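Secondary and tertiary structure notes
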Amino acid sequence: MTASAEPAAGNPIPLSLPVTGMSCASCVGRVERALRALPGARDVSVNLATGRAGLVLGGPAGPAEVAAALDEAGYPLPEAQTVLAVDGMSCASCVGRVERALAAVPGVTGASVNLATGRATVRHPEGVVAVRDLAAASEIAGYPAKPFEAASAPDPAARQAAEARVLRRDLVIAALLSAPVVALDMGGHVAGHLLPALHGPVSALVQAGLATLVLAGPGRRFFLRGIPGLLRGHPDMNALVALGAGAAYLYSLVSALAPGLLPAGAAHLYFEASVLIVTLILLGRTLEARARGRTGEAITRLMDLTPKTARVLRDGAEAEVPLAALRTGDVVRVRPGERVAADGVVVAGGSHVDESMVTGEPAPVRKAAGARVVGGTLNGRGGLDIRVEAVGEATVLAQIAALVERAQGGKLPIQALVDRVTGRFVPAVIAAALLTFGAWLVLAPAPALGPALVHAVAVLIIACPCAMGLATPTALVVGTGRAAGLGVLFRDGTALQALRDVRAVALDKTGTLTEGRPRLTDFFGTSGAEEPEALALAAAVEARSEHPIAAAIVAAARGRGLDVAEAEDFEAVDGFGVSGRVSGRTVAVGAPRYLDRLGIAGDPDLLARAERLAADGRSPVHLALDGRHAALLAVADPAKDGARDAVAALRARGLAVVMVTGDDPVAAAHVAEGLGIDAVEAGVLPGGKAEIVKKLRAAHGPVAFVGDGINDAPALAEADVGLAIGTGTDIAVESADVVLMSGSPGALVEALDLSRAVMANIHQNLFWAFAYNVALIPVAAGILVPFGGPALSPVLAAGAMAFSSVFVLGNALRLRARGGRRPAADGAPTLAGGAA
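Let me begin by describing the structure that accompanies this report. (Residues numbered from 1 in each chain as written. Predicted model: local features only at pLDDT ≥ 70, side-chain atom pairs only at ≥ 80, totals over all residues. Heavy atoms only, no water.)

Looking only at helices and strands, the protein chain features 27 helices and 29 strands. With 836 residues in all, the protein chain has 54% of them scored as buried. Considering only contacts within the protein chain whose residues lie at least 6 apart along the sequence, 70% involve residues at least 24 apart. For the protein chain, the computed accessible surface area is about 34,300 Å², with 59% contributed by carbon and sulfur atoms. (Helix = DSSP H or I, 4+ residues; strand = E, 2+ residues; numbered from the N terminus. Buried < 20%, exposed > 50% of the residue type's maximum accessible area, 1.4 Å probe, protein only. Contact = heavy atoms within 4.5 Å. Areas by Shrake-Rupley, 256 points an atom, 1.4 Å probe, with all protein chains shown as cover.)

Here you go:
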């Protein structure tokens, strides 16, 4: 249950909160005492079984104080996140205001707002902050908000298209109404002496009427959003436009209706400036909305790949049902050329399936009974019957979309600098405009009121911080979407920025640089250890292990038709081996150090053979039966296609490359030599890989670790950037910052290149946004006019401001062309193909 953030006097608030860390009755007592100590707290109850605490607050203490008391007692509330959809944001100063408003809600520990996605992510202890309080805080700041529900959220592309349509309509209206104002103004200057009516009171009244329609119609949005923020002391870009256009309009209105109120010679009309400011900024926003609609296009296209219906086999007959009606366990039939309806396992049939839209790899993958398939992938010429294993949000496509949305909705560390600057930028611009106005009034020759107003308005308009606000989030949205198209999933923007800075890459061998599907190549037994029996015994204990080498031994035994019995008393020791009892015999399989650990003397002949096999690049595995070293098995795991090229590419980019493995050092060195890797850390236990990462960091700087996400979890977590090799069907690698869906080592290079490209793009955008303001604000203020230099009219300022935002968006959209293009089997849009 969630409560309001502030208890009202005489209005008790019941709370039911999850509490972490309780393990016994004394824990319950401590929690109860901490809660009862709060002023006004009553009816306190703590349940150890459910892990929840209940109480009623009737005094000055609020939910935030409850959270603080529990944290101080050592039983903190778990952190939760609330996501809001925020309307009305248009620039970086809007983002800053919403973040400050949300962060000020009692109980909130952090708030992050993304301008590109229009979403706010709020962190807080679970149960102490009400969504309605967050929405109210945002609305009070001037930006209506509501809970974001992914399932019911409108299609982002549709929302962007609707926004673009409204802006386009208002732009057309503003342009049609503004054209006569500009014509009358220009006509009055050019031919006013020939046709006095063009420069007389009738012309002024017509211009006033049309300008009123423009500002009250298409331009109304700037005043409705800008003036309230200005009155609250938190002006934004809308306030700058409202001030600029409004000042030009009001001055002109006074000049037209009551010129006597102004100094002699100062009654000038600037209606054309007020209407063109609105028109040109609407033009910029229309172009911006169209461009922003294209930033998330990749994910929209990905989700559109899933068919809307499925052909289900029921009672021996086919029935076409909506995709939403599918349930796990259903069997669906996929005909040649159709897209797979849902994630599942093939139960009948065979075909090649194009998975490029998920993994980024163009070659179709052979699928037969027992193979896993992903919903939305394209079936080839064969037919498949698939048992559904995941639907809705559990599907791979939904998980990919969720990961990408999470990355796009976050912030890069570099954004912190932008936020600090833009938080003070708009007030500084208003101060600069006032200073400009005062300087022209004091220093310019009379009548100076008109020029003072023109230059002050130009400063207000030229300095709108739209480009600053868009510089980082648009590049992040486009870059992460493009990365997903190449089979690279970033969990958050921090990982994307951190990958750019890595100086060393540590790669696990098995499953990362090699196929991860070893095969048995050799068997050597001592007297009394015949191959069939010994291999069957070894396979019996290895059948309980998930290691790729174990799978190779089991596959070899079953491939020879051997009976693999059930092992008892099974034990697996990470980095050493496995043991158990099979048919009354004690069996141990593992590395030489496992024999030492078990106190089993190694057979000299087998140990010598093991060294020779390792020198040839094979991984020796030792078998002990009933406490005696009985046999030697050798397993080879071929290198992945492209692994050598990927290593060469990483080295060419100036990175130190190290292979880390638990294999025999001689065998590991042989593999590393074939891949062009000079540095090898072999014989490393899973926990020791994290220490290798620390050592590399001390020697080179930030480190990226690439592994399979299971036994490499400690190293993935320790690294500055952890990259997990995905399988195309399993992306839930919680310890990794980046998931490489294709499993190809080349994807690592693509991830690195894209990270560098995105960060370079952001720096270009920020340079443009800041340099543009630094260069043009003085020009707009008229600082060059006394020296014979040019001035910048409000109209040109509006055009330049609009161009600045469009330039930043256009530059970010260039990222969609990064990386290799991959063909779609049927010409259908795919992420991997991009959408240039």
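Below, the discussion takes up helix α26 (residues 745-780). An α-helix turns once per 3.6 residues; consequently, residues spaced three or four apart project the same way. With 36 residues, α26 should cover 52 Å at 1.5 Å per step; its first-to-last C-alpha distance of 52 Å lies within 8% of that length. With its phi angle positive at about 85°, Gly782 sits one or two positions after the end of α26. (Expected span 1.5 Å × (residues − 1).)

Most of strand β24 (residues 628-636) sits inside the fold, with eight of its nine residues counted as buried. Sheet topology note: the strand β19 (residues 519-525)/β24 ladder contains six bridges and is antiparallel. Paired with Phe523 across the two strands is Leu633, which belongs to β24. One ladder, built from seven bridges, connects strand β23 (residues 619-625) with β24; its direction is antiparallel. Considered in β24, the bridge of Leu623 is made with Ala631. Between the end of β23 and the start of β24, which pair antiparallel, lie two residues, with Asp626 showing a positive phi angle near 55°. (Pairing = 2+ DSSP bridges.)

What follows covers the sheet that holds strand β13 (residues 365-367). Strand pairs in the sheet, formed through backbone hydrogen bonds, run parallel or antiparallel to each other. An order of β13-β12-β15 is seen for the three strands of this open sheet, with the pairing classed as antiparallel. With one partner strand each, in any of the chains shown, β13 and β15 (378-379) form the two edges of the open sheet. Where strand β12 (residues 351-354) meets β15, two bridges bridge the pair, whose relative direction is antiparallel. Looking at β15, one finds that Val353 is bridged to Asn379.

With that settled, consider the pattern of salt bridges. Evaluated as defined, the whole model comprises 25 salt bridges. The partner of Arg372 in a salt bridge is Glu389, with the nearest N and O atoms 3.0 Å apart. Taken together, the positions of Arg372 in strand β14 (residues 372-373) and Glu389 in strand β16 (residues 384-390) put the pair 17 residues apart, joining distant regions of the chain. A residue is classified by how much of its surface remains accessible, and Glu389, at 35% relative accessible area, is partly exposed. (Salt bridge = Lys/Arg side-chain N within 4 Å of Asp/Glu carboxyl O.)

Judged by pairing direction, the sheet is antiparallel, and its four strands sit side by side in the order β5-β6-β4-β7 without closing on themselves. Whereas interior strands pair on both sides, the edge strands pair on one side only; in this sheet they are β5 (110-114) and β7 (145-147). Recorded for the sheet is a direction-independent mean angle of 30° between the axes of neighbouring strands. Across the sheet, helix α4 (residues 131-140) is in contact with β4 (79-86), β6 (119-125) and β7; its angle to β4 comes to roughly 45°. (Axes fitted to C-alpha atoms, helices over the stretch in contact; angles between N-to-C directions.)

What follows covers the side chain of Gln497. Relative to the helices and strands, Gln497 resides in helix α16 (residues 493-500). Those residues within four positions of Gln497 in sequence are excluded, and the remaining contacts are Leu412, Pro413, Ile414 and Met759.

Relative to the helices and strands, Asp596 is located in helix α20 (residues 592-598). For the pair Asp596 and Phe576, spaced 20 residues apart in sequence, the C-alpha separation works out to 9.9 Å.

Turning our eyes to something else, we now look at the packing of α16 against α26. Put simply, α16 and α26 touch, their axes get as near as 8 Å, and they point 100° apart. Here α16 is positioned roughly perpendicular relative to α26, judged by the angle of their axes. Residues Leu496, Gln497, Leu499 and Arg500 of α16 lie in contact with α26, whose contacting residues are Ala751, Leu752, Ser755, Arg756, Val758, Met759 and His763. (Parallel < 35°, antiparallel > 145°, perpendicular 65-115°, else oblique.)

Under the defined criterion, the tally for this structure stands at two aromatic pairs. Ring geometry for Tyr249 against Phe271: centres 6.0 Å apart, planes inclined by 65°, an arrangement best described as edge-to-face. Here Tyr249, found in helix α8 (residues 237-257), pairs with Phe271, found in helix α9 (residues 271-295); they are 22 residues apart in sequence, far enough to count as distant. Seen in terms of ring centroids, Trp768 and Phe807 are 4.5 Å apart; in terms of plane orientation they differ by 35°. Their pairing is tilted. Residue Trp768 is found in helix α26, and its partner Phe807 is found in helix α27 (residues 794-813); the two are separated by 39 residues along the sequence. A relative accessible area of 25% places Trp768 in the partly exposed class. The cationic tip of Arg593 hangs over the ring face of Phe576; the distance from NZ or CZ to the ring centre is 5.7 Å. Looking at Arg597, its charged tip hangs above the ring of Phe576, at a distance of 4.8 Å from the centre. (Phe/Tyr/Trp six-rings, centres within 6.5 Å; stacked < 30°, edge-to-face > 60°. Lys NZ or Arg CZ within 6 Å of the ring centre and 35° of its normal.)

On to the environment of Leu253, then. Looking at the secondary structure, you find Leu253 in helix α8. Spatially, the C-alpha atoms of Leu253 and Phe271 are 8.1 Å apart, while their sequence positions differ by 18 residues. For Leu253, the residues in contact, after removing those within four places along its chain, are Ala208, Ala258 and Phe271.

Okay, the packing of helix α1 (residues 25-36) against helix α2 (residues 63-73) next. Packing of α1 against α2 brings their axes to within 9 Å, and their N-to-C directions diverge by 140°. With respect to their mutual orientation, α1 and α2 come out oblique. The hand of the α1/α2 crossing is right-handed. The segment α1 lies against α2, with Val31, Ala34 and Leu35 engaging Val66, Ala69, Leu70 and Ala73. Here the residues of the contact of α1 with α2 sort into seven nonpolar, no polar and no charged. (Left-handed = near helix turned anticlockwise from the far one by under 90°. Nonpolar A, V, L, I, M, F, W, Y, C, P; charged D, E, K, R; others polar.)

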